Structures are given as C-alpha cells and as structure tokens.
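# Coordinate inspection notes
If you want the building blocks of each chain, they are given just below.
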Amino acid sequence: MRNIGPEDRVVRIVAALALAAVVYFAHMSQTADIVVGVVAVYLLLSGLFVRCAVYKVIGVDTSVQEQPYSTTDDRSGL
C-alpha cells in the first residue's frame, strides 16, 4: 500500500541523488561513505516504489490529500 505522496516522492528522489553525488565527489571516511550510501539507496527505493517502512511503523501517510471544502456555490459554477 502506498504511503508516500507525490511531493514527498520527488523530495526523496532528489535527496537520494544529492547524497549519491556527495558520496561520489566528497572523499569521506569509508564508514561515512557506506552510511550515506545506504541512506541514499533507501531514499531512492522508497521514492520509486512509493512505500516507506519507517512511515508504516510510525503511522504516517503523506499520500492522502486533503479534499477542499465544497459549497453549493462552487458546485453550481457561480
């Protein structure tokens, strides 16, 4: 079941690509490279598959969009 909304998905994919660039270009320690790389892969996969295990554990769902309030004037086209 999806639990990541469209805005969240874009942010995750962009952040994953940015972190991958950091790992590639910045010469950090091997441990830091691994940690940042794992986070980048997780963000990329969760963005592509539109599912987040962390969100599921804590009960967050950003895919649900709030519906605007509709009045009779809105429905009649006035």
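Going by the structure above, here's the rest.
Cut-offs applied
- Residues numbered from 1 in each chain as written.
- Predicted model: local features only at pLDDT ≥ 70, side-chain atom pairs only at ≥ 80, totals over all residues.
- Heavy atoms only, no water.
- Helix = DSSP H or I, 4+ residues; strand = E, 2+ residues; numbered from the N terminus.
- Axes fitted to C-alpha atoms, helices over the stretch in contact; angles between N-to-C directions.
- Parallel < 35°, antiparallel > 145°, perpendicular 65-115°, else oblique.
- Left-handed = near helix turned anticlockwise from the far one by under 90°.
- Contact = heavy atoms within 4.5 Å.
- Salt bridge = Lys/Arg side-chain N within 4 Å of Asp/Glu carboxyl O.
- Buried < 20%, exposed > 50% of the residue type's maximum accessible area, 1.4 Å probe, protein only.
- Expected span 1.5 Å × (residues − 1).
- Arc of directions from axis to C-beta.

Despite not being glycine, V50 has its phi angle at roughly 60 degrees, a positive value. Within the fold, V50 resides in the loop between helix 2 (30–49) and helix 3 (53–58).

Before going further, it helps to examine the packing of helix 1 (residues 6–25) against helix 2. Remark: helix 1 packs on helix 2, axes separated minimally by 8 Å, with the N-to-C direction vectors making an angle of 155 degrees. Looking at the two axes, helix 1 sits roughly antiparallel to helix 2. The interaxial crossing formed by helix 1 with helix 2 has left-handed handedness. Only D33, V36, G37, V39, A40, Y42, L43, L44, S46, G47 and L48 of helix 2 make contact with helix 1, whose side of the interface consists of R9, R12, I13, A15, A16, L19, A20 and V23.

A separate point is the side chain of D8. Mapped onto the elements, D8 comes out in helix 1. If we skip the residues at most four places from it in the chain, D8 touches Y55 and T62.

In this section: the pattern of salt bridges. The full count for this structure, using the stated rule, is one salt bridge. One salt bridge connects R12 with D8, and the closest N-O pair in it is separated by 3.4 Å. With R12 and D8 both in helix 1 and four residues apart, this pair spans about one turn of that helix. By relative accessible area, which is 8% here, R12 ends up buried.

This brings us to helix 1. Across its 20 residues, helix 1 extends 29 Å between first and last C-alpha, which sits within 8% of the 28 Å expected from 1.5 Å per residue. Within helix 1, burial applies to D8, R12 and A16. Down the axis of helix 1, the sector holding all buried residues measures 75 degrees, keeping them to one side. Relative to its buried face, helix 1 has exposed residues pointing more than 90 degrees away, namely E7, V11, V14, L17, Y24 and F25. Tucked into the core, helix 1 has its buried residues touching helix 2 and helix 3.

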